[in-house]
Amino acid sequence: MGEEVKVFRTWSSPFALRVVWALDLKGIKYETIYEDLSNKSPLLLQYNPIHKKVPVLLHNSKPIAESLVILEYIEDTWKHRPLLPQDPHQRANARFWIKFGEDKVFPAVRDSLLKQGKEQEEAHEAALESFKLLEEELKGKKLFGGEEIGMVDIALGWLANLVSVLEEVLVLKFIDEHKFPLLSAWMRLFADIPVIKQSWPPRDKLVTKYIAIREARLATN
Amino acid sequence: MAESDVKLIGAWPSPFVLRARIALNIKHVDYEFVEEKFGSKSELLLKSNPVHKKIPVLLHAGKPICESLIIVEYVDETWTSGSSILPSDPYDRAIARFWAAYVDEKFFPSMKGIAAAPNEEAKKAALEQVESGLAFLEEAFGKISKGKPFFGGEQIGHIDIAFGSLLAWLRVTEKTTGLKLLDQAKTTPQLAKWAETFCQHPAVSGVMPETEKLAEFAKLLFAKMKGINPQ
């Protein structure tokens with residue numbers, strides 16, 4: 001069909017990985033453009049003038065920004081290998097957990113990285129509380145999408161990669177095997193799926209990156 | 001379908017509840033409005049939204065749907081009467097979702113920032129954020145509406161609902177700060193006109209809170225919040 005699909009990303013952005021996974025799962029061919037966020041390309045600024053961030057998906061010269069918006073666009077455009085259930089109530093439930101991941105899980109984990117002292121403790125507590133709810137949601141399922149990866153797995157998939165990196169960087173436990181057996185099993189299962197495994201950024205580089213981010217943030221406080 | 005098949009748990013001042021009401025009105029869905037009492041949460045709410053314990057919650061044949069924009073998409077997918085809320089073209093849908101997310105993640109927090117500002121300097125900074133947000137939305141309106149009255153074109157769409165639901169609170173903010181944020185003459189001529197058209201739409205006019213009534217409620221709300229968090 002000669003469709004032009006391009007993904008603007010960085011080597012490590014967990015948000016961009018979501019787009020990569022969705023396209024790879026649906027077998028869509030695309031060109032990758034790596035951005036240096038300290039020196040953003042004119043194209044990126046043109047395609048995402050509001051947020052100036054990655055990822056951006058370019059499809060037939062039309063740009064789409066915001067990873068979760070891009071996931072829904074991919075789902076609307078390429079209808080094979082669906083990532084969302086057909087039933088409207090189940091779709092609403094999937095979207096609920098995707099939003100939960102963005103609004104509760106991610107900020108708590110991020111703040112555990114960026115804060116210290118009492119603020120870090122509170123962020124860590126909030127993260128653990130959010131994991132309890134994810135653990136509940138996994139009851140009776142091996143993946144959030146059921147038998148196959150769905151949009152919720154893709155949206156939360158950053159946990160499967162970054163949690164162990166951040167546990168090393170912060171010397172802090174997030175997802176204990178005994179406290180969160182289902183979530184731990186999900187992380188292992190997700191990380192091992194070939195399409196997912198092939199696109200993990202190098203772990204040692206990630207550790208270095210997050211150590212640097214934390215040090216830079218603490219230095220400005 | 002029996003009215004009791006569709007219930008909406010909410011409260012009249014909430015812009016998020018308003019989104020759900022407008023969506024249901026667009027689809028001509030009969031529903032029971034279960035009004036939460038200010039300051040307390042009903043058993044039904046706690047049971048229906050155990051994770052967040054927040055309104056709105058849509059109950060359809062007993063099953064709960066939470067989060068206002070998720071409810072709007074659910075209503076659009078479930079009822080085919082009335083007009084479509086999201087466009088049919090995937091790219092247009094992405095644009096609609098992008099701006100709805102912008103309203104929730106950037107614009108609404110900047111509005112809250114004005115009320116929460118601890119001093120004049122912070123208030124000025126928050127106001128500047130709101131003004132720049134409105135400038136983005138003004139430009140977006142021009143591109144997306146393509147000369148039609150709404151972001152959604154001839155009919156109210158997803159962005160109209162996401163942003164329009166905040167208009168009463170925006171007007172309360174104008175009242176308390178003495179500033180014109182939606183300005184016909186200068187900064188946001190298209191949005192000022194759109195706001196009027198939106199508020200007069202039959203799906204909106206019966207449920208949009210009156211500015212005066214909301215301003216009184218706002219006073220009550222802030223007093224209560226200060227009571228809870230003595231500074």
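Residues numbered from 1 in each chain as written. Chains lettered and ligands numbered in written order. Predicted model: local features only at pLDDT ≥ 70, side-chain atom pairs only at ≥ 80, totals over all residues. Heavy atoms only, no water.

1. Notes on the sheet that holds strand β3 (residues 57–60) of chain B
Residue and element names in this part refer to chain B. As summarised here, the arrangement of the four strands in space is β2-β1-β3-β4, forming an open sheet in which the pairing is mixed. Of all the strands in the sheet, the pair left with one neighbour each is β2 (32–35) and β4 (63–66). The mean angle between the axes of side-by-side strands here comes to 25°, regardless of whether they run parallel or antiparallel. Note that β3 and β4 share four bridges and pair antiparallel. Bridging across to β4, H60 finds its partner in K63. Strands in contact with helix α1 (residues 15–26) are β1 (6–10), β2 and β3; relative to β1, the strand with the most contacts, it is inclined by about 155°. (Pairing = 2+ DSSP bridges. Helix = DSSP H or I, 4+ residues; strand = E, 2+ residues; numbered from the N terminus. Axes fitted to C-alpha atoms, helices over the stretch in contact; angles between N-to-C directions. Contact = heavy atoms within 4.5 Å.)

2. Here we look at the packing of aromatic side chains
The full count for this structure, using the stated rule, is 25 aromatic pairs over all chains. Ring centres of W21 of chain A and W200 of chain A lie 5.5 Å apart, and the angle between their planes is 85°; this geometry places the pair in the edge-to-face category. Taken together, the residues W21 of chain A in helix α1 (residues 14–25) and W200 of chain A in the loop between α9 (194–197) and α10 (203–219) connect sequence positions 179 residues apart. Using a relative accessible area of 1% as the deciding quantity, one classes W21 of chain A as buried. The aromatic ring of F33 of chain B is capped on one face by R21 of chain B, whose charged end is 3.8 Å from the ring centroid. (Phe/Tyr/Trp six-rings, centres within 6.5 Å; stacked < 30°, edge-to-face > 60°. Buried < 20%, exposed > 50% of the residue type's maximum accessible area, 1.4 Å probe, protein only. Lys NZ or Arg CZ within 6 Å of the ring centre and 35° of its normal.)

3. Side note on the pairing of β3 of chain B
Residue and element names in this part refer to chain B. Of the two faces of β3, the one carrying V57 and L59 and the one carrying L58 and H60 are both buried. As paired strands, β1 and β3 are joined by four bridges and run antiparallel to one another. Each bridged residue has a counterpart across the sheet, and for I9 the counterpart in β3 is V57. Between β3 and β4, which pair antiparallel and follow one another directly, the connecting turn spans two residues, one of which, A61, has a positive phi of 50°.

4. Comments concerning the interface of chain A and chain B
Contacts between the two partners involve 23 residues from chain A and, on the opposite side, 24 residues from chain B. Of the roughly 2,200 Å² buried between chain A and chain B on both sides combined, carbon and sulfur atoms contribute 70%. At the junction of chain A and chain B, the tally comes to seven salt bridges. Between E72 of chain A and R97 of chain B there is a salt bridge, with its nearest N and O atoms 3.4 Å apart. Where chain A meets chain B, there are eight residue pairs in polar contact (both at pLDDT 80 or more). The set of elements that each furnish at least two residues to the side of chain A that touches chain B consists of β4 (62–65), α3 (67–77) and α4 (88–114) of chain A. Ranked by the residues each element gives to the side of chain A that touches chain B, the list is headed by α4 of chain A, at ten residues. Partitioned by chemical class, the residues of the side of chain A that touches chain B number twelve nonpolar, three polar and eight charged. (Buried area = accessible area lost by both parts, 1.4 Å probe. Salt bridge = Lys/Arg side-chain N within 4 Å of Asp/Glu carboxyl O. Polar contact = N/O pair within 3.5 Å; in protein donor to acceptor, adjacent residues only side chain to side chain. Nonpolar A, V, L, I, M, F, W, Y, C, P; charged D, E, K, R; others polar.)

5. Points about the confidence of the model for chain B
Taken over all residues, the pLDDT of chain B has a mean of 94, while the share at 70 or more is 97%. Across the interfaces of the predicted complex, the ipTM metric reaches 0.96, alongside a pTM of 0.96. (pLDDT = per-residue confidence, 0-100.)

6. Remarks on the packing of α1 of chain A against α3 of chain A
All names here are of chain A. Closest axis-to-axis distance for the α1/α3 pair is 9 Å, and the angle between their directions is 10°. Between α1 and α3, the angle falls in the class roughly parallel. From α1, F15, R18, V19, A22 and L23 reach across to α3, where they touch S67, L68, I70, L71 and I74. (Parallel < 35°, antiparallel > 145°, perpendicular 65-115°, else oblique.)

7. As for helix α7 (residues 158–170) of chain A
Residues and elements named next belong to chain A. An ideal rise of 1.5 Å per residue puts 18 Å on 13 residues; α7 measures up with 17 Å between its terminal C-alpha atoms. Extensive coverage of α7 is indicated by the burial of eleven of its 13 residues. Buried within α7 are the following residues: W158, L159, A160, N161, L162, V163, V165, L166, E167, V169 and L170. In the segment just after α7, V171 is the residue with positive phi, at about 50°. (Expected span 1.5 Å × (residues − 1).)

8. What to know about the environment of L23 of chain A
All names here are of chain A. Here L23 is to be found in helix α1. Separated by 48 residues in the primary sequence, L23 and L71 have C-alpha atoms spaced 8.9 Å apart. Every residue in contact with L23, bar those within four places of it in the chain, is listed here: V5, V7, I28, Y30, L57, I74 and W78.

9. Remarks on the environment of I65 of chain B
Within the element layout of this structure, I65 of chain B appears in strand β4. Look past the residues within four positions of I65 of chain B in its chain and what remains in contact with it is H89 and A92 of chain A together with P56, V57, L58, H60, I70, I71 and Y74 of chain B.

10. Thoughts on the packing of α1 of chain B against helix α3 (residues 68–78) of chain B
Residues and elements named next belong to chain B. Interaxial distance between α1 and α3 falls to 9 Å at its minimum, and their mutual angle equals 5°. Relative to α3, the element α1 is oriented roughly parallel. The residues of α3 that touch α1, namely those facing F16, R19, A20, A23 and L24, are S68, L69, I71, V72 and V75.

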